[in-house]
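Structural description and commentary
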Number of protein chains: 2
Amino acid sequence: MKQIALLLLAVATLAAAVAFTAHASRDTDGAAQIFVTEIPRGYREWRLVSVAHEEGNLNDIRAILGNDEAIKAYRAGKLPFPEGTIIARIAWRHVPSEENNKAFGREQSFVPGEAPPWYLQFMVKDSKKYAATGGWGYAQFDKDGKPGPESDMKNCFPCHQAIKDRDYVFTRYAP
Amino acid sequence: MKQIALLLLAVATLAAAVAFTAHASRDTDGAAQIFVTEIPRGYREWRLVSVAHEEGNLNDIRAILGNDEAIKAYRAGKLPFPEGTIIARIAWRHVPSEENNKAFGREQSFVPGEAPPWYLQFMVKDSKKYAATGGWGYAQFDKDGKPGPESDMKNCFPCHQAIKDRDYVFTRYAP
C-alpha cells in the first residue's frame, strides 16, 4: 500500500511539474523569474512568525521569520501580502539534547542540530517579477549560501497552489 | 529500574529545593526577590535565539527570543550575560498539521497549537535584585498573563544551577 501511495504521489508530482512548466512557459515572455537567487539581507534579524517540526526525511525543527511587511500583514490578518513581503524559513536537524534531558530527568527534549541540506528557504513577494508563480519567488540555500537548483524550485509553486486562498503561504502566525 | 531512577530524582529534587530555600533565606534580608511578576514589554518583537521541542507531559514546540542585550551577548559568545538581559520562551502545543501533511503527502508536519498551561517563561538578569538565584529572576505566565505560583518558581534555580558555567542559561544560540 505504502509503495503504491508513494508511486501515486511521484506521478502526481511529476504531472504537476510538467503542467507547471508548460504554464510558466506560456505565461512568460522569457524575462519572468520564478525563483530567487540571493539570500535576502538581514533575515536573521526579523521577527518570529512561527515554528514547526518536520519528521520523516526532513527530520528538522524550524523557525519561520518575517520582514516588517510580513509581520504587519500577518498581525492584521490582511491578504494578499503586500509587495516586498519576505518570509524566511530556517531549519536545523531535530536532535535530542542530552543536557536538557539530564535536567528534566527524562528523554524528552529536542533542539537544533546541524544544518540540513536546505538550511534556508524564502518566499519573496513581487507580483510582477514572479507573476508566473502567484506573485511569489521561491528560494532555498544550503549552509554555505549556495542556491538550490532551478529544477528543485519548480516544485515549490505546485504545492503552494493548494493554499491559494491564503495567498500561497502555508505558515500561520503563532500568537 | 525506572521507578528507582524516578524515586532518586524525586529525592534529589526535594533535597535541592530544601537546600535552595534555606540558601535563599540565608542570603536575603527580606527584600530580595527570586521571581519576576510582570510580563516584560515587547517580548514578541524580540529576535530569535532558538527553537525546541519537548515531548512527554510538556508536549510543546517553543521559540526562545532575546532582547537586544541577550542577542548581542549570545552572538559575541560573551558570558556572563549583561545586566538587563531578558530571555523569553513562548510555548505552544505540538500538534499535527493536516494541511501540511496533505501537501507533503505523508504524516510528518507539526505546528503550534493552543497555549499550554505555562505559555510564557522569562529569565531576567539583575544581579542585585536576584542575587539569591544566580543573578536571574525567573517567571512564567499563562495565556491570560497570570503569573505562576511562587512555589513553582522556587524550582527554577535548582535545575539551572546545573549549567552555572553557561551563566545558568540552557538555550544555545541557533545560527
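This report concerns the structure included in the present document. (Residues numbered from 1 in each chain as written. Chains lettered and ligands numbered in written order. Predicted model: local features only at pLDDT ≥ 70, side-chain atom pairs only at ≥ 80, totals over all residues.)

**Side note on the overall build of chain A**
When helices and strands are tallied, chain A shows five helices and six strands. Helices and strands in chain A line up, N terminus first, as α-β-β-α-β-α-β-β-β-α-α. Intrachain contacts of chain A at a sequence separation of at least 6 include 55% that bridge at least 24 residues. (Helix = DSSP H or I, 4+ residues; strand = E, 2+ residues; numbered from the N terminus. Contact = placed C-beta atoms within 7 Å.)

**Some points on the relation of the copies chain A and chain B**
The two copies are related by a screw motion: chain A maps onto chain B through a turn of 180 degrees and a shift of 0.0 Å along the axis, at an RMSD of 0.0 Å. Between the two chains, the operation in question is that of a two-fold axis. In terms of C-alpha distance to the rotation axis, chain A has Arg47(A) as its closest residue, with the C-alpha 2.9 Å off the axis. Taken together, the interface assignments show that 100% of the residues at the interface of chain A recur at the interface of chain B, consistent with an identical surface on both copies. (Least-squares fit on C-alpha atoms with pLDDT ≥ 70 in both.)

**Looking at the interface of chain A and chain B**
On the chain B side, the residues contacting the 30 residues of chain A number 30 residues. Going through the elements one at a time, strand 1 (47-54), strand 2 (60-66), strand 3 (86-96), helix 3 (98-104) and strand 4 (109-112) of chain A are the ones with two or more residues in the side of chain A that touches chain B. Counting residues per element, the side of chain A that touches chain B draws most heavily on strand 1 of chain A, at seven residues. Counted by class, the side of chain A that touches chain B contains 17 nonpolar, eight polar and five charged residues. Where strand 4 of chain A lies against strand 1 (residues 47-54) of chain B, two bridges are found, and the strand directions are antiparallel. Following the sheet pairing, Ser109(A) is matched in strand 1 of chain B by Glu54(B). (Nonpolar A, V, L, I, M, F, W, Y, C, P; charged D, E, K, R; others polar. Pairing = 2+ DSSP bridges.)

**Quick word on the pairing of strand 3 (residues 86-96) of chain B**
Residue and element names in this part refer to chain B. With respect to burial, strand 3 is a largely interior element, eight of its 11 residues being buried. Here strand 2 (residues 60-66) runs beside strand 3; their pairing, made up of seven bridges, is antiparallel. Its bridge partner being in strand 3, Ile64 is matched across the sheet by Arg89. Pairing analysis gives three bridges linking strand 3 to strand 4 (residues 109-112), with the strands arranged antiparallel. The partner of His94 across the bridge, within strand 4, is Pro112. (Buried ≥ 20, exposed ≤ 12 C-beta atoms within 10 Å, placed from the backbone.)

**Digging into the nonpolar core**
Ranked by internal contacts, the top residues of the largest apolar core, which has 82 residues, are Tyr138(A) and Tyr138(B). Residues contacting Tyr138(A), with those up to four places away along its chain left out, are Ile34(A), Phe35(A), Val36(A), Met123(A), Thr133(A), Met153(A), Cys156(A) and Phe157(A). (Core = buried A, V, L, I, M, F, W, Y, C linked by C-beta atoms within 7 Å.)

**Regarding the pairing of strand 5 (residues 120-125) of chain B**
Residue and element names in this part refer to chain B. Of all six residues making up strand 5, five are buried, and the element is well covered by its neighbours. Pairing geometry for strand 3 and strand 5, over five bridges, is antiparallel. Within strand 5, the position partnered with Ile90 by the bridge is Leu120.

**Observations concerning helix 2 (residues 68-76) of chain B**
Residues and elements named next belong to chain B. Among the residues making up helix 2, those that are buried are Ala70, Ile71, Ala73 and Tyr74. Looking straight down helix 2, one finds that the buried residues subtend no more than 170 degrees of arc, so they occupy a single side. Away from the buried face of helix 2 by more than 90 degrees, exposed residues Asp68 and Ala76 are located. The inward-facing, buried residues of helix 2 abut strand 1, strand 2 and strand 3. Gly77 occupies a position one or two residues after helix 2 and carries a positive phi of about 65 degrees. (Arc of directions from axis to C-beta.)

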